[in-house]
Amino acid sequence: MARSFVQLSMDERRVIARMHEKKISQAEIARTLRRDRSTICRELRRNFWHDRDVPIAQGYWHVTAHQMAESRRRRYRKLLRDPQLCAAVIDRLKDGWSPEQISGRLRLVSGSSAKLSHETIYQYVYSPEGRDQQLARHLPERRRKRRPRYARKPRSLVFPIECAIRNRPDVINSRSEFGHWEADLMIFRKEHGAANIATVVERKSRYTVLFRNNDRRSKPIMSQLIRQLAPLPAQARQSLTFDRGLEFVSWRELEIGMGTTAWFCDPQAPWQKGTVENTNKRVRRYLPPETVVLDVSNQEIRSLCNRLNDTPRKCLGFQTPKEIFSRHLLAMERQSM
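Residues numbered from 1 in each chain as written. Predicted model: local features only at pLDDT ≥ 70, side-chain atom pairs only at ≥ 80, totals over all residues. Heavy atoms only, no water.

Enquirer: Is there a simple way to think about the side chain of Asn 47 in this case?
Expert: Within the fold, Asn 47 resides in the loop between α3 (37-46) and α4 (62-73). Asn 47 gets classed as buried once you look at its relative accessible area, which sits at 2%. (Helix = DSSP H or I, 4+ residues; strand = E, 2+ residues; numbered from the N terminus. Buried < 20%, exposed > 50% of the residue type's maximum accessible area, 1.4 Å probe, protein only.)

Enquirer: I keep staring at the pattern of salt bridges and nothing clicks. Help me out?
Expert: Applying the stated criterion across every chain, the model contains eleven salt bridges. The salt bridge involving Glu 12 is made with Arg 35; its shortest N-O contact spans 3.0 Å. In this pair, Glu 12 sits in helix α1 (residues 10-21) while Arg 35 sits in the loop between α2 (26-33) and α3, placing the two residues 23 residues apart along the sequence. Neither Glu 12 nor Arg 35 differs from the other in exposure class; each is buried. Of the charged contacts in the structure, one is a salt bridge between Arg 216 and Glu 247, with a shortest N-O distance of 3.3 Å. One end of the pair, Arg 216, is in the loop between β3 (208-213) and α11 (218-229); the other, Glu 247, is in the loop between β4 (239-242) and α12 (252-258), and 31 residues separate them in sequence. (Salt bridge = Lys/Arg side-chain N within 4 Å of Asp/Glu carboxyl O.)

Enquirer: Would you take a moment to explain the pairing of β3 for this structure?
Expert: In the case of a regular strand, side chains alternate between the two sheet surfaces. For β3, the tally of buried residues reaches five of six residues, placing the bulk of the element in the interior. The pairing of strand β2 (residues 196-202) with β3 spans six bridges and is antiparallel. Across the sheet, residue Ala 198 finds its bridge partner in β3, namely Phe 211. Adjacent in sequence and paired antiparallel, β2 and β3 are bridged by five residues, among which Arg 206 carries a positive phi angle near 65°. (Pairing = 2+ DSSP bridges.)

Enquirer: Teacher, can you tell me more about α1 here?
Expert: Quick reminder: α-helices carry 3.6 residues per turn. Residues three or four places apart thus point the same way. Over its twelve residues, α1 runs 16 Å from end to end, which matches the ideal 16 Å to within 8%, given 1.5 Å per residue. Of the positions making up α1, those classed as buried are Glu 12, Arg 13, Val 15, Ile 16, Ala 17 and Met 19. Following α1 by one or two positions, Lys 23 has its phi on the positive side, about 65°. (Expected span 1.5 Å × (residues − 1).)

Enquirer: How should the packing of α1 against α3 be read in this particular structure?
Expert: Between two packed helices, what matters for the description is the angle formed by their axes and the separation of those axes. Interaxial distance between α1 and α3 falls to 12 Å at its minimum, and their mutual angle equals 80°. With respect to α3, the axis of α1 lies roughly perpendicular. Two secondary-structure elements touch here, α1 through Arg 13, Ile 16 and His 20 and α3 through Ile 40, Glu 43 and Leu 44. A per-class count over the contact of α1 with α3 returns three nonpolar, one polar and two charged. (Axes fitted to C-alpha atoms, helices over the stretch in contact; angles between N-to-C directions. Parallel < 35°, antiparallel > 145°, perpendicular 65-115°, else oblique. Contact = heavy atoms within 4.5 Å. Nonpolar A, V, L, I, M, F, W, Y, C, P; charged D, E, K, R; others polar.)

Enquirer: Looking at this model, I keep getting lost on the nonpolar core. Mind explaining?
Expert: Soluble globular proteins: nonpolar side chains tend toward being buried together. Core analysis: the biggest nonpolar cluster contains 28 residues, and Trp 181, Val 200, Leu 225, Leu 229, Leu 240, Phe 242 and Leu 254 have the highest contact counts within it. Among the secondary structure elements, those contributing two or more residues to this core are β1 (180-186), β2, β3, α11, β4, α12, β5 (261-264) and α15 (321-336). For this core, the leading source of residues is α11, giving five residues. (Core = buried A, V, L, I, M, F, W, Y, C linked by side-chain atoms within 4.5 Å.)

Enquirer: Explain unusual backbone geometry here, please?
Expert: Leaving glycine aside, a negative phi is the common case for residues, and trans is the common case for peptide bonds. Although it is not a glycine, Gln 134 sits at a positive phi angle of roughly 55°. Position of Gln 134 among the secondary structure elements: in the loop between α9 (128-132) and α10 (170-173). Backbone geometry at Arg 175 places phi at a positive 60°, although glycine is not the residue there. Residue placement: Arg 175 occurs in the loop between α10 and β1.

Written out as structure tokens, the structure is:
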């Protein structure tokens, strides 16, 4: 049984240095230390000492390698050594900036000597000092505990490749056919509970449906979605495009409940469902993040839907979504007669 990974010790690095100096292969070193060959390869690549001024000093030296590894693990302490820089980073996090935006802005500012990678900021946020200050709650995508990217569980079985947006037919991408929708959840402040608003938009007409959910469980959300769209003719609800959020893992209920096909954006690419993202920005004018969703009545939500659907849109030649949507439904009724 494979053991869980632990950092290389000074003694292991001493063995690596001795065997590497003797030109012993990485595979043999790995077998000697009972380590994976990739661990040895990565160790030699990352902690090999390069010195252009003194080429003879170049090599893998176990003491230097150990110091280099420890330095990387303590890198977030750069913020602890510079209180002024740390305070500036925290202020930007509270303003809603992502670590990447903070890092990029520091590099851009003329004359700024404070250079900081976004990884250093993330490490500080999830360090004991950052947890004491509850900095993670200011991140765009917060997690209780940070995990390596490749340690996260794959969702390929939940969202199969054949349902990926790259396989979505051109007739949907071009908006030339009616009856294809996009859906998303609008999340509000955590202290106000788990209630949220689902946004569902028809791609061609931009017709919008909003409804409230009391939590983010997938099955109740899909049941609500089916109740909202099932009364429409089958041609008016042909497909739905989602992102890969856990609230949409029960997407197969759509196929079972009303024969609707589901498509999914690529990981971390919500912009691929730009219609609903744009609609969310419009809805935020009336339902900002600090809204207590449970205090919003169903009548108020319906009124907001009507406001959106009765507003002329430039992309529709200044017709309203309701007019376009109603026209397509009427044409379907005539065809079925």
